[in-house]
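# Inside the fold
Listed below, chain by chain, are the residues.
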Amino acid sequence: MIKQHIFSAFISMFFFSCITTGQKKEGNDSNPSLVQVKEVEGQYSFYINSEKFEIKGVGINYADGHDFEALHKAGGNAFRTWTVKNAEQELAAAEKYNFMVAMGISIGKELYGFDYNDTEAVAKQFEKVKTIIKKYKNHPNVLCWVVGNELNLLFNEDETLKAVNPKVYDAMADIVDFIHQEDPNHPVTLTFAGVIEEHLKVALERCPQVDIVSVQVYGDLENVEESMKNTGIQKPYMITEFGPMGFWEMPKTAWNREIEEVSGPKADGILKRIEKGLINNKSGRCLGGFAFEWGQKQERTPTWYGMFHKDGSQTETIDNLTKLWTGKYPENRAPRVDSLFLDGKKATDNVYLKPDQKYTAEVFASEPDNDTLVYKWVISKEVITRSQGGEKEIEPPAVIVKVISDKGDTFNFITPQEGEYRILVYVYDNKGKAGGGNIPFMVKK
C-alpha cells in the first residue's frame, strides 16, 4: 500500500495579493522541490519546501499561446498543462518567472477510441508515462502531476453522458502507484469533466490512492463547494479548468448554434463565479484552480475560451485576474463590450435574414481609459465539424460581403447567399487590449 501524502490547510481567498506567493528555494533540475498537500485544523493547502503556496493559475496549451511574461506581469504564479510535448520550453519559462507547473500527462481517452480492454495498449501507455515521470520528476518547478484530462467524458449517440469502462481507473491506479514510488516529492491528481458523483465514486473505488481530485467546471464553478460536499468525498480538490459559461451551458439558436456571451458580461460572469466558487469557498478542501485558457483557441468561435485574441490582444478577463492577483488593475485596461445587435435583435432572438438584402449590426462598447476605439467586423461561415472534449476544431473561413458603410460601432452590409453564418466584432484600444462579441444568423428566403 502506497504511503499517503500529507495534507494541509488552504485559505480559499488565494487570489488576494496580501497572501504569500509561496516563493520556492532556488534549484536546478536535479534539485526537486518537495511539494506536499497538508491538513491543518481541517484546512488544506499546497506546501513547497515547507512554505504555503496558493495558486494564482491558468491553463496553458502551448500551441494556443504561451505569453509567460504577460502571466508574470498579471501576478500569476502557476500554470497547468495537458501534455509534456512542450515541457522543455514551459519549464524553462517557469524557472525564469518563478512559476510552478501542474504537469499534464496525456492519457488515452475512450472518447477518442482508446480501448482499455487492450492490455497491450494499456501497458505501452504505462511505459510512456514512466519515461515522463523519470525525465521531469526532479525539476524544481514541478507542482504536481495531472494524469489525463477528463477521462470520464464519453457520450451516447444522443449526446448524453455515458459511463466509461472502469478499467480506465485500474490503469490510472497503476500509474499513481508508480508515481508515488518513483517520485515521492509531488502529489498526483486526476481530472474530471464536471462534478458527477457516480463518475467520481467509480474512479475513487478503483484508484483511492490519488492525492487530489480535480474537477473542471465552468458555469457550475459557483456551485462547486456544495456539489463537492454532496459527493461526500473527503479528499482535497482543485478546479483544473474554469472560465466562461461553457457552450453546452448557453442558449442555442433554433437551428442549434451556440450563443456566446459578449466580452463584458462574459468577464463579469467569470469574476462572479471565481468569487463564489473559489475566493469564498469555505469547504477547507479547495486548493484553488486554473483559469482556462491563457491563449487563443477555436472552439465554436475564435473567442469563446481564450483570454487573448489571435493577434495577442488581451481581454477584460485578464484585467480582472490581475486585480484579484495583485490588488490593482493593470495601467491600461481592455475595452468593454456590453451588447451587440443585428437587425435590431440580440443573438437569443434567433436572427433570420434574407439573402442579398441590406442589414445593420451595432455594437455598444466603452473604454475605461478613454482610449480611441478601433472596430473590426468579420462575417464567417459556421463551424462544419464540432469538436468534442476540447480537441482541435477548424475555424471556418471569413465570407466576403458587400459593405455599405462601416462607422465603427455601426456596420451596414449586404447579406450573402443562404446558409448559416456568424457576424463577429472585435473592438481594440490599439494598446494591446480588446473586447468583442458575435451573433449567429441564418440567411434564408
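Residues numbered from 1 in each chain as written. Predicted model: local features only at pLDDT ≥ 70, side-chain atom pairs only at ≥ 80, totals over all residues. Heavy atoms only, no water.

For the rest of this paragraph, the subject is the overall build of the protein chain. Helix and strand counts for the protein chain come out as 8 helices and 19 strands. Computed over the C-alpha atoms, the radius of gyration of the protein chain is 23 Å, within 12% of the 22 Å expected from 2.2 N^0.38 for a compact globule of 445 residues. With the C-alpha coordinates aligned to their principal axes, the bounding extent of the protein chain is approximately 70 × 50 × 40 Å. Evaluated residue by residue, the protein chain yields a buried proportion of 58% over its 445 residues. Here the contacts in the protein chain between residues at least 6 apart in sequence split such that 70% fall between residues at least 24 apart. When the accessible area of the protein chain is evaluated, it comes to approximately 19100 Å², of which 48% is carbon and sulfur surface. Here the protein chain contributes 53 positively and 64 negatively charged side chains, and the mean placements of these two sets differ by 1 Å. (Helix = DSSP H or I, 4+ residues; strand = E, 2+ residues; numbered from the N terminus. Rg over C-alpha atoms; globule rule 2.2 N^0.38 Å. Buried < 20%, exposed > 50% of the residue type's maximum accessible area, 1.4 Å probe, protein only. Contact = heavy atoms within 4.5 Å. Areas by Shrake-Rupley, 256 points an atom, 1.4 Å probe, with all protein chains shown as cover. Lys, Arg positive; Asp, Glu negative; His and termini not counted. Charge placed at Lys NZ, Arg CZ, Asp CG, Glu CD.)

Let us look at the sheet that holds strand β8 (residues 188-193). On the basis of which strands lie adjacent, the closed barrel formed by 8 strands has the order β4-β5-β6-β7-β8-β9-β10-β11 and parallel pairing. With direction set aside, neighbouring strand axes in the sheet form an average angle of 25°. (Pairing = 2+ DSSP bridges. Axes fitted to C-alpha atoms, helices over the stretch in contact; angles between N-to-C directions.)

When a strand is regular, its side chains alternate between the sheet's two faces. For strand β9 (residues 212-216), a buried count of 5 out of 5 residues is recorded, marking the element as mostly surrounded by other parts of the structure. Residues Ile212, Ser214 and Gln216 of β9 are buried on one face, and the alternating residues Val213 and Val215, pointing to the opposite face, are buried as well. Both β8 and β9 contribute to a ladder of 5 bridges, which runs parallel. Among the inter-strand pairings, Thr189 is bridged to a residue of β9, identified as Ile212. Since β8 and β9 lie parallel, the crossover through helix α5 (residues 197-206) that links them has a hand, and here it is right-handed. Here β9 runs beside strand β10 (residues 237-242); their pairing, made up of 4 bridges, is parallel. Looking across to β10, one finds that Val213 is bridged to Tyr237. (Right-handed = clockwise from strand over helix to strand, strands pointing away.)

Glancing now at unusual backbone geometry. The peptide bond linking Phe292 to Glu293 adopts the cis configuration, its omega dihedral lying at -15°. Within the secondary structure, Glu293 sits in the loop between β11 (286-291) and α8 (316-326). The backbone phi angle of Asn98 is positive, close to 65°, even though this residue is not glycine. If you trace the backbone, Asn98 turns up in the loop between α2 (87-97) and β6 (100-105). With relative accessibility at 21%, the residue Asn98 sits in the partly exposed group. Of note, the phi angle at Asp356 is positive, near 55°, even though the residue is not glycine.

Tallied over the full model, the rule gives 24 aromatic pairs. For the ring pair Tyr62 and Phe68, a centre distance of 6.4 Å and an interplane angle of 40° mean the geometry is tilted. Judged by its relative accessible area of 17%, Tyr62 falls in the buried class. For the ring pair Phe411 and Phe413, a centre distance of 5.6 Å and an interplane angle of 25° mean the geometry is stacked. The pair Phe411 / Phe413 is uniform in exposure class, with both members buried. One aromatic cluster is present, built from ring pairs that chain together Trp82, Tyr218, Phe247, Trp248, Phe292, Trp304 and Tyr305. The ring of Tyr47 carries the charged tip of Lys38 above its face, separated from the ring centre by 4.4 Å. One cation-aromatic arrangement involves Lys323 over Tyr329; the distance from NZ or CZ to the ring centre is 5.7 Å. (Phe/Tyr/Trp six-rings, centres within 6.5 Å; stacked < 30°, edge-to-face > 60°. Lys NZ or Arg CZ within 6 Å of the ring centre and 35° of its normal.)

Summed over the entire model, instances satisfying the criterion amount to 21 salt bridges. In this structure, Glu258 and Arg386 form a salt bridge, with 3.1 Å as the shortest nitrogen-oxygen distance. Remark: Arg386 occurs in the loop between β15 (374-381) and β16 (403-406) and Glu258 occurs in the loop between β10 and α7 (263-279); sequence separation between them is 128 residues. A residue is classified by how much of its surface remains accessible, and Arg386, at 28% relative accessible area, is partly exposed. Sharing partners across several salt bridges, the network here consists of Glu258, Arg300, Arg386 and Glu393. (Salt bridge = Lys/Arg side-chain N within 4 Å of Asp/Glu carboxyl O.)

The antiparallel open sheet is built from 4 strands, whose spatial order is β12-β14-β17-β16. Two strands bound the open sheet, and with one partner strand each, they are β12 (336-342) and β16. Across the sheet, the mean angle from the axis of one strand to that of its neighbour is 15°, orientation sign disregarded. Pairing of strand β14 (residues 358-366) with strand β17 (residues 410-414) involves 5 bridges; the strand directions are antiparallel. Counterpart to Thr360 in the pairing with β17 is Asn412.

The subject of this paragraph is the nonpolar core. Trp145, Met172 and Trp294 are the most contacted members of the largest nonpolar core, which has 75 residues in total. With 9 residues, helix α4 (residues 167-182) is the largest single contributor of residues to this core. Excluding residues within four positions of it along the chain, Met172 makes contact with Ile107, Tyr116, Gln125, Val147, Leu151, Leu190 and Cys207. (Core = buried A, V, L, I, M, F, W, Y, C linked by side-chain atoms within 4.5 Å.)

On to α8, then. The buried count for α8 comes to 9 of 11 residues, which makes it a mostly enclosed element. Residues of α8 that are buried: Glu316, Thr317, Ile318, Asp319, Asn320, Leu321, Thr322, Leu324 and Trp325. Structurally, α8 contributes buried residues whose contacts are with β4 (57-59), α1 (68-74), α7, β11, β12 and β19 (434-443). Immediately beyond the C-terminal end of α8, within one or two residues, lies Gly327, with a positive phi of roughly 95°.

Within this structure, the stated rule accounts for 0 disulfides. Looking at the unpaired Cys144, the closest cysteine sulfur is the one in Cys286, lying at 13 Å. With a relative accessible area of 0%, Cys144 lands in the buried category. Left without a disulfide partner, Cys207 is nearest to the cysteine sulfur of Cys144, which lies 14 Å away. (Disulfide = S-S within 2.5 Å.)

We now examine the packing of α7 against α8. Two elements in contact, α7 and α8, have axes separated by 9 Å at closest approach and are oriented at 30°. In this view, α7 runs roughly parallel relative to α8, as classed from their interaxial angle. Crossing hand, α7 versus α8: right-handed. Residues Ser263, Gly264, Ala267, Asp268, Ile270, Leu271, Ile274 and Ile279 of α7 pack against Glu316, Thr317, Asn320, Leu321 and Leu324 of α8. Residues of the contact of α7 with α8, tallied by class, amount to 7 nonpolar, 4 polar and 2 charged. (Parallel < 35°, antiparallel > 145°, perpendicular 65-115°, else oblique. Left-handed = near helix turned anticlockwise from the far one by under 90°. Nonpolar A, V, L, I, M, F, W, Y, C, P; charged D, E, K, R; others polar.)

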